[in-house]
Amino acid sequence: MSFHYILSVGSNCGFANVKRAVTWLAGQLIDFRASGLYDTPAVNGGSGAYVNAVVEGTSGLDIESFNILLKNYEINCGRDASCRSLGIVPIDIDIVICDGAVVREWDYRQNFFRIGYSELAGTLVEH
């Protein structure tokens, strides 16, 4: 069984972290596609600008297992409690849509997701 994912990828630490994460995700997902990278302001009004991308693909991992894989990647890239307390986001990868169901409604409505999602929408079904 495989699962189709659409992910939000972002960092307020620059282009390189998002580029590396997108490259890593390309090796984790089948039928991988990604939007271009783009900047958005921080939703909370602080923490500086974010570099973002939206990626899609399929995986044999269920949503819980795939999310654990993503969170372990974040930790390996330096995302920890001290970064969180300082508003530093080396990398953030969230599952926004799984098998056509929006699983992170708030993220789904935000510009940091909608911009990349719209770029991919030519071949994606609108939810």
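Enquirer: Can you break down the overall build of the protein residue by residue, with the values?
Expert: When you go through the protein residue by residue, the secondary structure sums to five helices and six strands. The order of helices and strands in the protein, counted from the N terminus, is β-α-β-β-β-α-α-β-β-α-α. In terms of overall dimensions, the protein is globule-like: its C-alpha atoms have a radius of gyration of 14 Å, near the 14 Å expected for 127 residues. C-alpha atoms of the protein, sized along the principal axes, occupy 40 × 25 × 25 Å. For the protein, buried positions account for 42% of its 127 residues. Excluding contacts between residues fewer than 6 apart, the proportion of contacts in the protein whose partners are at least 24 apart in sequence is 64%. Carbon and sulfur atoms form 55% of the exposed surface of the protein, whose accessible area is close to 6400 Å². Within the protein, the 14 negative side-chain charges are centred at a point lying 5 Å from the centre of the 9 positive side-chain charges.

Enquirer: Give me the lowdown on unusual backbone geometry, citing residues and values where you can.
Expert: Positive phi outside glycine occurs at aspartate 31, with the angle close to 55 degrees. With respect to the helices, strands and loops of the structure, aspartate 31 is situated in strand E2 (residues 30–34). For aspartate 31, a relative accessible area of 62% translates into the label exposed. A positive phi angle, near 50 degrees, is found at aspartate 99, a position not held by glycine. If you trace the backbone, aspartate 99 turns up in the loop between strand E5 (92–98) and strand E6 (101–102).

Enquirer: Let's hear about the packing of aromatic side chains: which residues, and what values?
Expert: Aromatic rings in a pair are described by how distant their centres are and how their planes are angled relative to each other. Enumeration according to the criterion identifies seven aromatic pairs in this entry. With 6.0 Å between their ring centres and 50 degrees between their planes, tryptophan 106 and phenylalanine 112 make a pair best called tilted. Overall, the relative accessible area of 14% leaves phenylalanine 112 in the buried class.

Enquirer: Give me the lowdown on the nonpolar core, citing residues and values where you can.
Expert: Ranked by size, the top nonpolar core spans 19 residues in total, and within it Tyr5, Leu7, Val9 and Ile93 carry the most contacts. Elements supplying a minimum of two residues to this core: strand E1 (3–11), helix H1 (15–28), strand E4 (50–59), helix H2 (63–76) and E5. Sequence-distant contacts of leucine 7, that is, excluding residues within four places in its chain, are made with Leu25, Leu29, Ala53, Val54, Val55, Phe66, Leu70, Ile93, Asp94, Ile95, Val96 and Phe113. Ile97, Tyr108, Phe113 and Tyr117 belong to the second largest nonpolar core, which has ten residues in total.

Enquirer: So what's going on with the pairing of E5? Which residues, and what values?
Expert: Of all seven residues in E5, six are buried; the element is thus mostly enclosed. Bridge count between E1 and E5: six bridges; the pairing is antiparallel. Looking at the pairing, valine 9 lines up with isoleucine 93 of E5. Relative to E6, E5 runs antiparallel, the two sharing two bridges. Bridging across to E6, cysteine 98 finds its partner in alanine 101. Between E5 and E6, which pair antiparallel one after the other, the connecting turn spans two residues, and aspartate 99 there sits at a positive phi close to 50 degrees.

Conventions adopted
- Residues numbered from 1 in each chain as written.
- Predicted model: local features only at pLDDT ≥ 70, side-chain atom pairs only at ≥ 80, totals over all residues.
- Heavy atoms only, no water.
- Helix = DSSP H or I, 4+ residues; strand = E, 2+ residues; numbered from the N terminus.
- Rg over C-alpha atoms; globule rule 2.2 N^0.38 Å.
- Buried < 20%, exposed > 50% of the residue type's maximum accessible area, 1.4 Å probe, protein only.
- Contact = heavy atoms within 4.5 Å.
- Areas by Shrake-Rupley, 256 points an atom, 1.4 Å probe, with all protein chains shown as cover.
- Lys, Arg positive; Asp, Glu negative; His and termini not counted.
- Charge placed at Lys NZ, Arg CZ, Asp CG, Glu CD.
- Phe/Tyr/Trp six-rings, centres within 6.5 Å; stacked < 30°, edge-to-face > 60°.
- Core = buried A, V, L, I, M, F, W, Y, C linked by side-chain atoms within 4.5 Å.
- Pairing = 2+ DSSP bridges.

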